[in-house]
Structures are given as structure tokens and as C-alpha cells.
Amino acid sequence: MTITHSGHFASNASELRRTLQTASNRRAFTFATWMKSAAQAAMLLGAGASAGSQTFVWAGSTSGRPFFQHDPGDYAAGPNLEPWPYLDQWVHLVISVDVDNPDVEERVRFWINGQRVARDPNLPMVAPGTDLYVGHTVTHALGNKHTGGFDWRGWLAETYLLPGVTLDADAFVARDDTNLRSIVYTGPVPPEAAYFRYLPGAPGQNGFPNSSDWTATGVDSDATTLPP
């Protein structure tokens, strides 16, 4: 599948935002996207009800390494790649969460450029039975915290948020010889799932049929800065 546009989050005000109207299984989700950024200490995805009641994906403050994190409890998980070697270059990221998986190594899984990457064993793992805020009827945002701040700047392409669904990278990308390419996603589309192609004039348009759009602020459609 050819990617024609990316979304450029060019300023601190850039974001996609929606308050979900339908709750899903709050113990599982998949977040998948192409990303290019030098941003650190910034949020790619934030969902929450208050400062201490939130689930998010952020670029770590020391190297930009992506983390899944949930509060309360300050549970975190990140790929075992430190320092993060992908600043200022396109990388495909998949984070797949299943809080109730009895195997702690399968509870939060990471794929980088289509390859499974072990989690950092030094980070505290989310506990079974924890209800996340992704998929809850609260504010969700791409590009910053659900309340604003921790602004992320860079480019995203072919971005998916699938509440209640746990998937591997092969649902989104495939490798031809040495090249990684996006493929057409054909998996489950639960209520409130989102897929962004960042098309001109409609960067917050949801690419899933009969699914709700998100409100876009300061996100530019870019036809020249694209994944390889």
C-alpha cells in the first residue's frame, strides 16, 4: 500500500482530540503508527480523566524512546532499546497491550519496524485487573496529554488506535526483501477505533467507515515527508 500523506504536528498546539462516547474493553488496546521525530518528554497518545488517572504513550525524556505508561501505579513499559536509535528518522511502532495476559512478557509488547523487541526488564509492569483509560469514555489526544502539555512535534503516518484489540505488527506492515511497507489493515474494527491517513483538509478524518472523526488542531497534511 502506498502512503500518500503524513500528518505534521508542527507546533505545541498540534493535536487530534476526541472524547470517546462508547467504552470498550479497557484492559487491551493496540497503537500502531509510522513516526518521525526528535521530540523527547512528549506524548504521542494520551487518554485520561485527571492528572493521576491516565494512560499514555510518550517519548522518554532521556532519548525519545517510546513508553507505555499507566497511572495510578506509575506502571511503565518500553522496548529494550536505550539509547533510542531512531531520532529524526521514520520508524514503525506497534504497542500491543493485554493487561490480563498471565505471561508478564506478553502483557505489553513492542514491535519496531516490524520486528518484535523485548521490553526493558527494569521497568514496573502493569498489574492484571487494571482498567486502562484508553478505550474509556474520556478525552483521548494524539500529539499531547489529554489535558494539554507534553506536546509532541514531528510526523505521523498510517496511525491506528484500536481499543479492546491486541494485534501483532503483521496486521499493519510486511517486509519485501529488505523494505518494510504498509499493508491494508483487515482486522477487527471495534467501536471508537481510529485510523488516520492525514488527508488534505481532513487530518482528523477517521479512515474506518462509520467511525467518528477526531478534532484536528494545527496538524498539517504533508505529501512530501513520508515513510520510505
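Scroll up for the structure.
Residues numbered from 1 in each chain as written. Predicted model: local features only at pLDDT ≥ 70, side-chain atom pairs only at ≥ 80, totals over all residues. Heavy atoms only, no water.

### As for the packing of aromatic side chains
Then, in step 1: Under the counting rule described, the total for this entry stands at 14 aromatic pairs.
Then, in step 2: Relative to Trp152, the ring of Phe9 has its centre 5.8 Å away and its plane inclined at 70 degrees; by these criteria the two rings are edge-to-face. Taken as a pair, Phe9 in strand 1 (residues 6-9) and Trp152 in the loop between strand 11 (139-142) and strand 12 (154-163) lie far apart in primary sequence, 143 residues in all. Judged on exposure class, the residue Phe9 and its partner Trp152 are both buried.
Then, in step 3: Measuring from centroid to centroid gives 5.3 Å for Phe196 and Trp214, while their planes differ by 75 degrees, and the two rings are edge-to-face. Linking Phe196 in strand 15 (residues 194-196) with Trp214 in the loop between strand 15 and strand 16 (215-217), this pair joins segments that are 18 residues apart in sequence.
Then, in step 4: On the basis of relative accessibility, which here comes to 1%, the residue Phe196 falls in the buried class.
Then, in step 5: Through a chain of ring-to-ring contacts, the aromatic side chains of Phe9, Trp152, Phe196, Tyr198 and Trp214 assemble into a single cluster.
Then, in step 6: When the ring centre of Tyr133 is taken as reference, the NZ or CZ atom of Arg26 above it lies at 5.4 Å.
Then, in step 7: Above the face of the Trp111 ring, Arg116 is positioned so that its terminal group lies 5.4 Å from the ring centre. (Phe/Tyr/Trp six-rings, centres within 6.5 Å; stacked < 30°, edge-to-face > 60°. Helix = DSSP H or I, 4+ residues; strand = E, 2+ residues; numbered from the N terminus. Buried < 20%, exposed > 50% of the residue type's maximum accessible area, 1.4 Å probe, protein only. Lys NZ or Arg CZ within 6 Å of the ring centre and 35° of its normal.)

### Observations concerning the nonpolar core
Then, in step 1: Core analysis: the biggest nonpolar cluster contains 38 residues, and Phe68 and Val108 have the highest contact counts within it.
Then, in step 2: Of all the secondary structure elements, the ones that give two or more residues to this core are strand 3 (28-36), strand 4 (42-50), strand 8 (91-98), strand 9 (108-112), strand 12 and strand 15.
Then, in step 3: Those residues in contact with Val108, other than ones at most four positions away along the chain, are Phe68, Ala77, Ile95, Ser96, Val97, Met125 and Val126.
Then, in step 4: Counting residues in hydrophobic clusters, the runner-up holds 21 residues, among them Val94, Ala169, Tyr195 and Phe208. (Core = buried A, V, L, I, M, F, W, Y, C linked by side-chain atoms within 4.5 Å. Contact = heavy atoms within 4.5 Å.)

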